Amino acid sequence: MFYEPSKGDHGLGRDPFKALLVPRPIGWVTTMNGAGRVNLAPFSFFNAVAEQPAMIMYTCGGRKPDRGTKDSLANAREHGEFVWNLATWDLREKMNATASTLPAEIDEMAHAGLTVAPSRLVKPPRVAESPVQFECKVWQVLDLPGSDQHGPNGMVIGFVVGVHLRDDLIVDGRVKIQNARPIARLGYSEYTVIENAFRMPFPD
Ligand SMILES: Cc1cc2nc3c(=O)[nH]c(=O)nc-3n(C[C@H](O)[C@H](O)[C@H](O)COP(=O)(O)O)c2cc1C
């Protein structure tokens, strides 16, 4: 089949776009508002974008009925900092709980039963239960094209200024990330879990 996303002429019950580009790592992002309230939410439009300097990004799409854009976008734009926490198989239900739309005054970490760990270089805290966290400073927020139906899209791009890594994930001097069992997004309500890896050296 062939379809044009802007026309939506795929003929399927649901748009297959997100089911095709997989797996997408989960940007489980902590931000903080001006009053010091912590916000935590998952984003699958998330990835590393550069290595030197280390940079990552996440995109928030859509409107919130009461607040305009999503808190993770507004907080990053206004306060310039965020933390990425690795979502794992053990944390899957808690990660999912942090996607619910809650009133601004509810602490999403407490709601999900997660423990706050202070960061070293930025104000937003880390998820203590997560085995890897990146402390980040915003480089730029890009206002991407949006749609009348779904609202605006804002891409937050940041420098990774600090990395926390649970020591037991280091085996023989290399990170064995499979041991953390990271989860990643497929389409619809589906996820995958990374439990194995294969090696293929660069060609000469
Ligand atoms: C696994 C997962 C991935 C998600 N990815 C995105 C995404 O890439 N962009 C987005 O805007 N919302 C995404 N969402 C929905 C947000 O997490 C949800 O709207 C959340 O309430 C936003 O919270 P905030 O307003 O506190 O920032 C995702 C939800 C889940 C469960």
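Scroll up a little and you will see the structure.
These numbers were taken from a predicted model, which means no experiment stands behind them.

Participant: I keep staring at the overall build of the protein chain and nothing clicks. Help me out?
Facilitator: Along the protein chain, the regular secondary structure elements total 4 helices and 14 strands. Here the protein chain has a C-alpha radius of gyration of 18 Å; the compact-globule value for 204 residues is 17 Å, and the two agree. Overall, the C-alpha framework of the protein chain stretches about 50 × 50 × 35 Å when taken along its three principal axes. Of all 204 residues assigned to the protein chain, the portion counted as buried reaches 28%.

Participant: When you look at the site of the ligand in this model, what are you seeing that I'm missing?
Facilitator: What surrounds the ligand is a group of 19 residues, the closest being A41, F45, K70, S72 and A99. Breaking the shell around the ligand down by element, the ones donating at least two residues are β3 (38-43), β5 (55-61) and α2 (71-79). Looking at which element gives the most residues to the shell around the ligand, the answer is β3, with 4 residues. Of the residues assigned to the shell around the ligand, the class counts are 7 nonpolar, 8 polar and 4 charged.

Participant: How should the sheet that holds strand β1 (residues 24-25) be read in this particular structure?
Facilitator: Where strands meet in a sheet, backbone hydrogen bonds hold them as pairs that are either parallel or antiparallel. Strand order across the open sheet formed by 3 strands is β1-β13-β14, with antiparallel pairing between neighbours. Strands with a single pairing partner mark the edges of an open sheet, and in this sheet they are β1 and β14 (191-193). Pairing between strand β13 (residues 183-185) and β14: 3 bridges, direction antiparallel. The residue bridging A184 from the neighbouring strand is T192, located in β14.

Participant: Help me understand the sheet that holds β5 in this model?
Facilitator: Here we have 7 strands laid out as an open sheet, ordered β3-β2-β6-β9-β10-β5-β4, and antiparallel in their pairing. What marks the edges here is a single partner per strand, and that holds for β3 and β4 (46-50). Strand-to-strand, the axes of this sheet are offset by a mean angle of 35 degrees, without reference to chain direction. Judged from the 5 bridges that link them, strand β6 (residues 81-85) and strand β9 (residues 132-147) form a sheet pairing that is antiparallel. By the bridge assignment for β9, F82 is matched with C136. Along the sheet face, α2 touches β2 (27-32), β3, β5, β6, β9 and β10 (151-165) and points at about 55 degrees away from the line of β2.

Participant: I would appreciate a short explanation of the pairing of β6 in the present structure.
Facilitator: Regular strands place their side chains on alternate faces of the sheet. Along β6, 5 of the 5 residues are buried, which leaves the element largely enclosed by surrounding structure. The alternating pattern of β6 places E81, V83 and N85 and F82 and W84 on opposite faces, both of which are buried. Alignment of β2 against β6, held across 3 bridges, turns out to be antiparallel. Within β6, the position partnered with T30 by the bridge is V83.

Participant: Explain α2 here, please?
Facilitator: Working note: α-helix, 3.6 residues per turn, so residues spaced by three or four point in the same direction. Every buried residue of α2 is listed here: D71, S72, L73, N75 and A76. Its buried side turned inward, α2 meets β2, β3, β5, β6, β9 and β10. G80, located one to two residues past α2, shows a positive phi value of around 75 degrees.

Participant: I keep staring at unusual backbone geometry and nothing clicks. Help me out?
Facilitator: Across residues other than glycine, the phi torsion is negative in most instances, and most of the peptide bonds are trans. The omega torsion across V22 and P23 is -10 degrees, close enough to zero to call that bond cis. By secondary structure assignment, the location of P23 is in the loop between α1 (17-20) and β1. Residue Q52 is joined to P53 through a cis peptide bond whose omega torsion reads 0 degrees. As for its placement among the helices and strands, P53 is situated in the loop between β4 and β5. Residue R181 is not a glycine yet carries a positive backbone phi of 50 degrees. Here R181 lies in the loop between β12 (174-175) and β13. Unusually for a residue other than glycine, Y188 sits at a positive phi of about 55 degrees. Of note, Y188 is situated in the loop between β13 and β14.

Reading the values: the criteria
- Residues numbered from 1 in each chain as written.
- Predicted model: local features only at pLDDT ≥ 70, side-chain atom pairs only at ≥ 80, totals over all residues.
- Helix = DSSP H or I, 4+ residues; strand = E, 2+ residues; numbered from the N terminus.
- Rg over C-alpha atoms; globule rule 2.2 N^0.38 Å.
- Buried ≥ 20, exposed ≤ 12 C-beta atoms within 10 Å, placed from the backbone.
- Near = placed C-beta within 6 Å.
- Nonpolar A, V, L, I, M, F, W, Y, C, P; charged D, E, K, R; others polar.
- Pairing = 2+ DSSP bridges.
- Axes fitted to C-alpha atoms, helices over the stretch in contact; angles between N-to-C directions.
- Contact = placed C-beta atoms within 7 Å.

Honestly, that's just the spatial picture; any functional story needs more than this.
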